[in-house]
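# Summary of structural features
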Amino acid sequence: MTLVEHPRLSATLESGLAEMIYRAIGYMRMTASQEESWGDDPNQYVADEDDDMSSARATCGMLLDELVDRFGDDAQRALSVAVERRLSEAELARANGEANWWKTREATLLAVGVVSDALIEGEAAARSENVAPSFAASVFLANVLERDLSSGATAAGAVTDGGESFLRGRALWVAARLAPGAPPAAAGAALAAALASLRPTASAPLRVGACRALAQYVPLAPKDVLRPFLAPAYQGLGSLLESAAGSTAGAGSGDALEDGYAEDALHLVLEAMLVVVKADADAATQWSSALAPATLRVWAEKVADPLLAADARDVLEALAAVPACVPSLHALAVPTLASVLASPATQPPMLVESTLDLLAVLLRPAAASEAHAAHAACFRHVVAIALTSDDVGALQSAAECLRAFLRAGGDDALRWGVDGQGGGGDVLRQYLDAAARLLSPILEDGAAVFAAPLLGQMLRRLPTRMAPVLPEIVSATATRIRAARQPNLIAALLSVFARLAHADANALVALLASMPAPPAPSGQHSEEGADGIPPPTTALELVTRLWIAHQSDVQGAFDIKLTTSALAVLLASGNPALGSVGVKGEPVAPEGGGGGQNGGAAIRTRARAKAAGPEKFSLAPLPVKMLDALADFVLEAQEAASAREDDEWEDDDGDDEDDEDDDDDDEGGGGGGAGGMFGGDLLERLLNKGLDDVDDDDADETEDPISAIDTQAFIAERLKALHAVGQLAPLAAGVNPRRQRALMTLLR
């Protein structure tokens, strides 16, 4: 591999590619110890398949990958020759009655699967150019389906033990690897072979290969082809899952994993089950009552394993996405979840947090009746966790669960009472108390981050109910943002003020201006004013200064859109109170000269900084800095659009040039500074989809009217309104030429 990776030495290998690959396949044959280790232990089989980096088998696979990557079509042609030789040798050995004939064929299938991505891409490229591929992956797959996986190739009962089960399992594996390039006709044959190998009594390689093949071919199969296979798939996967649930339930007896269902193998079962559930709603409804209990047991037993718990939760979430499954799923799961949440202190690690996550998943698609029942069973326990827990993970999950309750119950939930029967206290006050606890300065900054989305949804979904308590919310949020140290917390809390600005900008400004600035934490008193900016006297000064300073720290497409458009709303309001606020402007040259050559500013070295003290800044009018921020957003949007256009014209051979361009982009940024208000990180995050086209997983954000805003058009509309009343030109005079050009382009 060292020779392959070396640009000058690799050419010496080119003439012997076919022989080298042929030899490598030979070294990939399974050893006797591997055969013994993997025969009855699917977990060991999967773990070694995925993690082995040191055996001759794994090293030769890595060599093949390097060769195909380095030599491209030449290596693929050489692989085709070597594969044909090895398959012929295996057939001859079989005809001669050699017991281990299958090992050569199994190694050959492994070799093809290792480089399957490149083979599929190569065949697709050749097809688009109407030429023969260097390696015909689809022909190879057809051979595997006919030779190794057809109903007549090997009787199902004859492959539960011995070498042929390894071969059939490998055939299922390579069929799964080649699935992305498979013709639709291959799906039926692959599914039939996979289902024949799902029996709990089948050997580990067969079960593992079957799960992998199902996960790949179920989404590819046409509906009419898939439908007859769904019932056997549920039966086969369900029996494996029941076995796993039974094994984990008996963990204290010493034979918990006797059937071989440890973590890696169970992951494959759940992964295949998730694909099957998503494939057909009617079948999911029919089999939900059998599938859900076993999945819930696996989730509870494996909650300490974040990956397996997430796998099981994904299956339950897929079932919950089928409306007909929701009532029975809630009836099964909610009582169990409520019993966990009722006594969080007695639960094992991770169970409370994972229970809150699962409850939130089940609430999202819930109808009113299910939401009411879940509220009655769990709401008071979730609030209690939010009010008493000090664990950041549990607080995050509790906040997300409260958002899910709010989404499912809406305004109706306020009439249900805390206990779901109309009693137990004021539901809105419980929401407010939970948010206030999350904002408490005694908690870590990480906990307060989750108050922002909860408050945002309360403001959006309960606007009339929230109006009387807005001063309380604004005061609590301003106090927490004053004490915040982490930029991501400040950026998150800005979304609360942005939401209020969209609702009524002038009311927000008046409220903030009427509030004195919260006192700074003791550690910050000595720092304030050292940069030449006087400490804030009102909450308006505090919030707007932090907004301008930390807009670049806002994360996520929705929050960027929310806060940026809110700045446009505030600026367009023309509220005179905004003009009286001064924010950090440009650095001020130190007194007594200190200028550089030709009268320029001196470079601020560490020695000079120590002698001069903290760097001083001028005060800049808030509206000008707000216009700066909007211009920076426009610049980033223009750069992202230009980069996407350039990508459409770039060659695959231009990788080196791309790297240079990326370096240049990182140095630039909106606003002419180091990254501007929206720095290079934002550009990289959103480059592929644009500033207004990023898909968010958050359902609340997806259905929020803010998501429908075209941010650039929104900014343009507000700036035109300012221009119409003669207020834009004076502000633009304080903006640098680059930003001015961006705004002029937008307004044209």
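Below: a short report on this structure. (Residues numbered from 1 in each chain as written. Predicted model: local features only at pLDDT ≥ 70, side-chain atom pairs only at ≥ 80, totals over all residues. Heavy atoms only, no water.)

### What to know about the overall build of the chain
The helix and strand tally for the chain stands at 39 helices and 2 strands. For the chain, the proportion of its 748 residues judged to be buried stands at 50%. In the chain, of all internal contacts separated by at least 6 residues, the share reaching a separation of at least 24 is 77%. A total of about 33200 Å² of accessible surface is found on the chain, and carbon and sulfur atoms cover 52% of it. (Helix = DSSP H or I, 4+ residues; strand = E, 2+ residues; numbered from the N terminus. Buried < 20%, exposed > 50% of the residue type's maximum accessible area, 1.4 Å probe, protein only. Contact = heavy atoms within 4.5 Å. Areas by Shrake-Rupley, 256 points an atom, 1.4 Å probe, with all protein chains shown as cover.)

### Here we look at the pattern of salt bridges
Going through the model one piece at a time under the given rule, you end up with 33 salt bridges. The closest approach of N and O atoms between Glu123 and Arg127, which form a salt bridge, is 3.9 Å. Residue Glu123 and its partner Arg127 are both found in helix α8 (residues 116-128); the two are separated by 4 residues, about one turn of the helix. With a closest N to O distance of 3.5 Å, Glu703 and Arg460 form a salt bridge. Of this pair, Glu703 sits in the loop between α36 (699-702) and α37 (711-724) while Arg460 sits in helix α24 (residues 451-461); the two residues are 243 residues apart in sequence, bridging distant segments of the chain. For Arg460, a relative accessible area of 22% corresponds to the partly exposed category. The network of salt bridges with common partners includes Glu400, Arg403, Arg407, Arg460, Arg461, Arg499, Asp700, Glu703 and Asp704. (Salt bridge = Lys/Arg side-chain N within 4 Å of Asp/Glu carboxyl O.)

### Describing helix α26 (residues 470-483)
Taking 1.5 Å as the rise per residue, α26 with 14 residues should run 20 Å; its terminal C-alpha atoms sit 20 Å apart, in good agreement. Of the residues making up α26, those classed as buried are Ile473, Val474, Thr477, Ala478, Arg480, Ile481, Arg482 and Ala483. (Expected span 1.5 Å × (residues − 1).)

### Some details on the packing of aromatic side chains
One pass over the full model with this rule turns up 5 aromatic pairs. A ring pair is formed by Tyr234 and Trp287, whose centres lie 5.8 Å apart and whose planes are at 5 degrees; its orientation type is stacked. Taken together, the positions of Tyr234 in helix α13 (residues 223-249) and Trp287 in helix α15 (residues 281-301) put the pair 53 residues apart, joining distant regions of the chain. Measuring from centroid to centroid gives 5.4 Å for Phe379 and Tyr431, while their planes differ by 65 degrees, and the two rings are edge-to-face. With Phe379 in helix α19 (residues 368-388) and Tyr431 in helix α22 (residues 427-438), this residue pair connects regions lying 52 residues apart in the sequence. An identical accessibility class is assigned to Phe379 and Tyr431; each is buried. Within the aromatic cluster, the residues linked to one another by ring pairs are Phe379, Phe405 and Tyr431. When the ring centre of Phe617 is taken as reference, the NZ or CZ atom of Lys584 above it lies at 4.6 Å. (Phe/Tyr/Trp six-rings, centres within 6.5 Å; stacked < 30°, edge-to-face > 60°. Lys NZ or Arg CZ within 6 Å of the ring centre and 35° of its normal.)

### As for the nonpolar core
Judged by nonpolar contacts, the single largest core of 230 residues is most densely connected at Phe140, Tyr217 and Phe405. Discounting chain neighbours no more than four positions away, the residues touching Tyr217 are Leu141, Ala175, Ala176, Leu178, Ala179, Ala182, Ala186, Ala187, Ala190 and Leu191. (Core = buried A, V, L, I, M, F, W, Y, C linked by side-chain atoms within 4.5 Å.)

### Description of the environment of Phe497
In this structure, Phe497 sits in helix α27 (residues 487-503). Residues Phe497 and Leu512 lie 15 residues apart in sequence; the distance between their C-alpha atoms is 9.9 Å. Beyond its immediate sequence surroundings of up to four residues, Phe497 is in contact with Val474, Thr477, Ala478, Ile481, Leu508, Leu512, Val543 and Trp547.

### Description of helix α6 (residues 73-95)
In this model α6 runs 33 Å from its N-terminal to its C-terminal C-alpha over 23 residues, within 8% of the 33 Å that 1.5 Å per residue would give. Burial in α6 covers these residues: Ala75, Gln76, Ala78, Leu79, Ala82, Val83, Arg86, Leu87, Ala90 and Ala93. Next to the buried residues of α6 lie α2 (17-27), α5 (56-71), α7 (101-114), α8 and α9 (137-147).

### Describing a negative patch on the surface
A surface patch of like charges, here negative, comprises Asp65, Asp69, Asp117 and Glu121. Looking at the negative patch, the elements that each hand over two or more residues are α5 and α8. Looking at the secondary structure, you find Asp65 in helix α5. Residue Asp65 is classed as partly exposed on the basis of its relative accessible area of 41%. (Patch = residues over 30% accessible without salt bridge, like charges linked within 9 Å, V, L, I, M, F, W, Y side chains within 5 Å. Lys, Arg positive; Asp, Glu negative; His and termini not counted. Charge placed at Lys NZ, Arg CZ, Asp CG, Glu CD.)

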